[in-house]
Amino acid sequence: MLPSVLIVDDEKHTREGLQQALAENYEVTVAAGADEAFNLMEVQPFDVVLTDLRMPGKSGLKLIDKALSLSNKPAVLMMTAYGSIDIAVEAMKRGAVDFLTSLSTWSASRS
């Protein structure tokens, strides 16, 4: 069984691009926002949650809180094009395992 990943981003192209990139090695589910992700996490456990910071409605920070309140706590990674040291520190304090300011930075750091 493949590890499961929940991708949460309000930008359709980002969601779909990440889904395509990860689909070969992961069971990928996508959500267009935090509320949709909350509903999915209530009925299905995920190994990893990859979330955007800025989304309409609830932010990625709220999603970290929700994900880590579950009995089956996923690893949470936050991604954003609007990174700052303060936000990165806040995300890590809340329990994110990584804070990605761009996918090119993430890919390069994993090589």
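Shown above is the structure to which this text applies.
Report on the accompanying structure. (Residues numbered from 1 in each chain as written. Predicted model: local features only at pLDDT ≥ 70, side-chain atom pairs only at ≥ 80, totals over all residues. Heavy atoms only, no water.)

### Description of the overall build of the chain
Applied cut-off: Only DSSP runs of H or I covering at least 4 residues are called helices, and only runs of E covering at least 2 are called strands; the numbering of each starts at the N terminus. Here the radius of gyration uses the C-alpha set of atoms, whereas the globule reference equals 2.2 Å times the residue count to the power 0.38. Partly exposed residues are those whose accessible area sits between 20% and 50% of the maximum for their type, while under 20% is buried and over 50% is exposed, using a 1.4 Å probe and protein chains only. In what follows, a contact means two residues having at least one pair of non-hydrogen atoms within 4.5 Å. Note on areas: Shrake-Rupley, 1.4 Å probe, and residue coverage restricted to the protein chains presented here. In this charge count, Lys and Arg are treated as positive and Asp and Glu as negative; neither His nor the chain ends contribute. Throughout, a charge is located at the NZ atom of Lys, the CZ atom of Arg, the CG atom of Asp or the CD atom of Glu.
For the chain, the helix and strand inventory stands at five helices and five strands. Its C-alpha atoms give the chain a radius of gyration of 13 Å, within 12% of the compact-globule value 13 Å for 111 residues. Based on the C-alpha atoms only, the size of the chain along its principal axes is roughly 35 × 30 × 25 Å. Within the span of the chain, comprising 111 residues, buried residues form 39% of the whole. Within the chain, contacts between residues at least 6 apart in sequence are counted, and of these 53% link residues at least 24 apart. Put simply, the chain shows about 6,400 Å² of open surface, and 53% of that area lies on carbon and sulfur atoms. Distance between charge centroids for the chain: 6 Å, based on 10 positive and 15 negative side chains.

### Some thoughts on the sheet that holds strand β2 (residues 27-31)
Here is the rule we go by: Following DSSP output, two strands are said to pair if at least two bridges run between them. Simply put, an axis is a line fit to the C-alpha atoms, just over the touching stretch for a helix, and the angle between two N-to-C directions goes from 0 to 180 degrees.
Pairing is parallel across the open sheet formed by five strands, whose spatial order is β2-β1-β3-β4-β5. Looking at which strands have only one partner, the edges of the open sheet turn out to be β2 and β5 (98-100). For this sheet the average axis-to-axis angle between neighbouring strands, irrespective of direction, equals 20 degrees. Inspection of the sheet shows strand β4 (residues 75-79) paired to β5 by three bridges, in the parallel sense. Residue Met-78 lies in a different strand from β5, and its bridge partner there is Phe-99. Packing of helix α2 (residues 34-43) onto the sheet brings it into contact with β1 (4-8), β2 and β3 (48-52), and relative to β2 it is tilted by some 135 degrees.

### Comments concerning the pairing of β2
As a reminder, the rule being used: Every crossover in which the path from the first strand over the helix to the second runs clockwise, viewed with the strands pointing away from the viewer, is termed right-handed.
Bridge count between β1 and β2: five bridges; the pairing is parallel. Directly across from Val-8, in β2, lies its bridge partner Ala-31. After leaving β1, the chain enters helix α1 (residues 12-22) and then returns to the sheet as β2, a path that is right-handed.

### A closer look at α1
Selection criterion: Of all possible arcs, the one meant is that of the directions from the helix axis to the C-beta atoms.
Every buried residue of α1 is listed here: Arg-15, Leu-18 and Leu-22. Summarising the axial view, the buried residues of α1 lie within an arc of 75 degrees, below the 170-degree limit, and thus occupy one face. With respect to the buried face of α1, the exposed residues turned more than 90 degrees away are His-13, Gln-20 and Ala-21.

### Some remarks on the nonpolar core
To keep it simple, the criterion reads: We call a set of buried Ala, Val, Leu, Ile, Met, Phe, Trp, Tyr and Cys residues a nonpolar core when their side-chain atoms join them within 4.5 Å.
Counting residues in each nonpolar core, the largest one holds 23 residues, and the members touching the most others are Leu-6, Val-8, Met-41 and Val-49. Secondary-structure elements contributing two or more residues to this core are β1, α2, α3 (60-69), β4 and α4 (85-94). Take this core: its biggest share by element is five residues, from α2. In this structure, Leu-6 is in contact with Thr-29, Val-30, Ala-31, Ala-37, Leu-40, Met-41, Phe-46, Val-48, Val-49 and Leu-50, ignoring residues within four places of it in sequence. Counting nine residues, the second-largest nonpolar core is a separate cluster that includes Ile-7, Val-28, Leu-77 and Met-79.

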